[in-house]
Amino acid sequence: MAFIQDFHLRKGLDIRLKGKAEEQKIQLKSNGKYALVPDDFEGVTPKVVVSEGDHVKAGDALFVNKQYPQVRFASPVSGKVTAIERGERRKVLCVRVEADAQQEYVDFGKKEVAAMDGKAVIESLLEAGIFGYINQLPYAISTNPETMPRAIFVSALRDKPLACDFEYEVKGQEQDFVTGLMALSKIAKTYVGVGKNSTLKSQISNLENVEVNVFNGPCPAGNVGVQVNHVAPVNKGEVVWTLGDPTVVLFIGRLLNTGKLNLTRTIALCGSEVLKPVHADMLVGEELSTLLSNSYDTAHHVRVINGNVLTGRQTSKDGFLGAHSSEITVIPEGDDADEMLGWIMPRFKQFSVNRSYFSWLCGKKEFEADARIKGGERHMIMSGEYDKVLPMDIYAEYLIKAIITGDIDRQEQLGIYEVAPEDFALAEFVDSSKLELQRIVREGLNILRKENA
């Protein structure tokens, strides 16, 4: 029986926003337009292996990782490759596929997971083109099959603002989740982080080589990097694989149980500008116009975010569902806001961490946040703000300073191998200096990876 350990985290911040999706699903009719975006897979340099006009099946590779060609990235649908879009210096932006009316799938064959070893599991994931959905620490990038992990960490707890509850998504798919965990545990010991009220504990606690950890506390307790830091921190020279997106475990389970690639995931259409926040099932790479048509008032200035409000990317109706996105969030842009007397007003309707507004008197009220920064970038203030919302055993402000100054030795001493950009999302939100902390951490990790290559 797996050992269950409880972690109670005190540091963090739960941001209560309006527009949480109701626990009901709408049925969408796809317009047949899909695209796989290489930027969804951090650290991957894509090499396209199809040409415009080619016909592919669901499961056929669209591009591979140039550094590790065995790591393929599969088409979510069968259809015709309509475009390979490139940007500056011929960077691959996306590979577009127009879906067939009748879908065809590559048959990878059903697998008996109990009889497989770790090598067979990895080969199955590589063949089906979903191995690249697994990330790693250090560097917080898509991993490679040539370095075996010390352990694998899965976070089944989503606690970012307006997040799609994984407990809701996994209903009816518990067997696929169990199969996926069993497969991962064949590669290395697997640690699963869940919330205190999770119903999954009883179903996965008896799996061999799987340890369940309960995380109780405010956001970012669900960050896989935070969970790694508390369970078994990463030291220099070590590699752990991470699945901060638990839907990837479902992808793996479906593949092994059916022999076919199924990249369907449950999406929360949320945010204060959404007329009816609900859930929907969509395929990775599906055009967002399918979901966003008539979902909000187009007369308003809005920001559409592919993902959650803290870590997602700005997009539009013409964008495509990200490989790891579990929410599509629509909030006010804020560029048309006209506030009388500006900051001097008491502001009962706006959220403040430091009680700068009187809204803290309103208890657990939900707020309508917009995309404004509300201030300009300035010199870094050593105020301890980051530490209040980052439940990790690192000196966050000193690490950021070391990254900015390019002091690699200092970065290593301060624990850069343990962090991912998303771990600094809340720190970026509360930062008085208005620094783009996630961008700074990502650039620091990229430089460190090149130095150590």
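Since this is a predicted model, take the numbers as computed values, not measurements.

Reading the values: the criteria
Residues numbered from 1 in each chain as written. Predicted model: local features only at pLDDT ≥ 70, side-chain atom pairs only at ≥ 80, totals over all residues. Heavy atoms only, no water. 1 Å grid on protein atoms, 1.4 Å probe; cavity = no way out; pocket = protein on both sides within 12 Å on 5 of 7 lines; lining within 4 Å. Points joined across faces, edges and corners; volume = space filled by probe spheres on them. Nonpolar A, V, L, I, M, F, W, Y, C, P; charged D, E, K, R; others polar. Helix = DSSP H or I, 4+ residues; strand = E, 2+ residues; numbered from the N terminus. Buried < 20%, exposed > 50% of the residue type's maximum accessible area, 1.4 Å probe, protein only. Contact = heavy atoms within 4.5 Å. Polar contact = N/O pair within 3.5 Å; in protein donor to acceptor, adjacent residues only side chain to side chain. Pairing = 2+ DSSP bridges. Salt bridge = Lys/Arg side-chain N within 4 Å of Asp/Glu carboxyl O.

A.B. asks: What exactly am I supposed to notice about empty space enclosed by the protein here?
C.D. replies: The method is simple in principle: a probe with the dimensions of a water molecule rolls over the atoms, and the space it marks as empty is what remains. Under the criterion given, the structure shown has one cavity of 30 Å³ or more. Each pocket or cavity is described by its volume, and for the largest cavity that value is around 30 Å³. Lining the largest cavity are K160, C219, P220, N223, L310, E422, D423, A425 and L426. When its residues are assigned to classes, the lining of the largest cavity shows five nonpolar, one polar and three charged.

A.B. asks: Help me out: how do you make sense of the layout of surface pockets in this one?
C.D. replies: Its volume calculated, the second largest pocket comes out at about 920 Å³. Taken together, 34 residues make up the lining of the second largest pocket; nearest its centre are D14, K20, L157, R158 and D159. Where the lining of the second largest pocket is concerned, the elements lending two or more residues are α2 (166-169) and β14 (210-216). Residue contributions to the lining of the second largest pocket peak at three residues, all from α2.

A.B. asks: What exactly am I supposed to notice about the environment of Y417 here?
C.D. replies: For Y417, the position within the fold is in the loop between α10 (408-413) and α11 (425-430). Its relative accessible area of 5% is what places Y417 among the buried residues. Between the C-alpha atoms of Y417 and I267, which are 150 residues apart in sequence, the distance is 31 Å. If we ignore the near neighbours within four places in the chain, the residues touching Y417 are L137, P138, Y139, V234, K236, E412, L448 and N452. A polar side-chain atom of Y417 sits 2.6 Å from a polar atom in the side chain of E412. Among the polar contacts made by the side chain of Y417, one reaches the side chain of N452 at a distance of 3.1 Å.

A.B. asks: Where do I start with the pairing of strand β15 (residues 240-243) in this structure?
C.D. replies: In the case of a regular strand, side chains alternate between the two sheet surfaces. A two-sided burial pattern is seen for β15, the buried positions comprising V240 and T242 on one face and W241 and L243 on the other. Bridge analysis of strand β10 (residues 135-137) against β15 gives three bridges, and the strand direction is antiparallel. When the bridges of β15 are listed, L137 appears paired with V240. Of the pairings in the sheet, the one linking strand β12 (residues 151-155) to β15 comprises four bridges and is parallel in character. Bridge pairing links A151 to V240 in β15.

A.B. asks: What should I look at first to understand the pattern of salt bridges in this one?
C.D. replies: Side-chain pairing between opposite charges can occur once the charged atoms of the two side chains come close. The full count for this structure, using the stated rule, is 16 salt bridges. In this structure, R150 and E238 form a salt bridge, with 2.6 Å as the shortest nitrogen-oxygen distance. Here E238 lies in the loop between α5 (224-231) and β15 and R150 lies in the loop between β11 (141-142) and β12, a separation of 88 residues in the sequence. According to the relative accessible area criterion, R150 is partly exposed, its value standing at 33%. D245 is paired through a salt bridge with R265; the nearest N and O atoms lie 2.9 Å apart. With D245 in the loop between β15 and α6 (247-258) and R265 in strand β16 (residues 264-270), this pair connects stretches of sequence that are 20 residues apart. Across the pair, R265 and D245 agree in class, each one buried.

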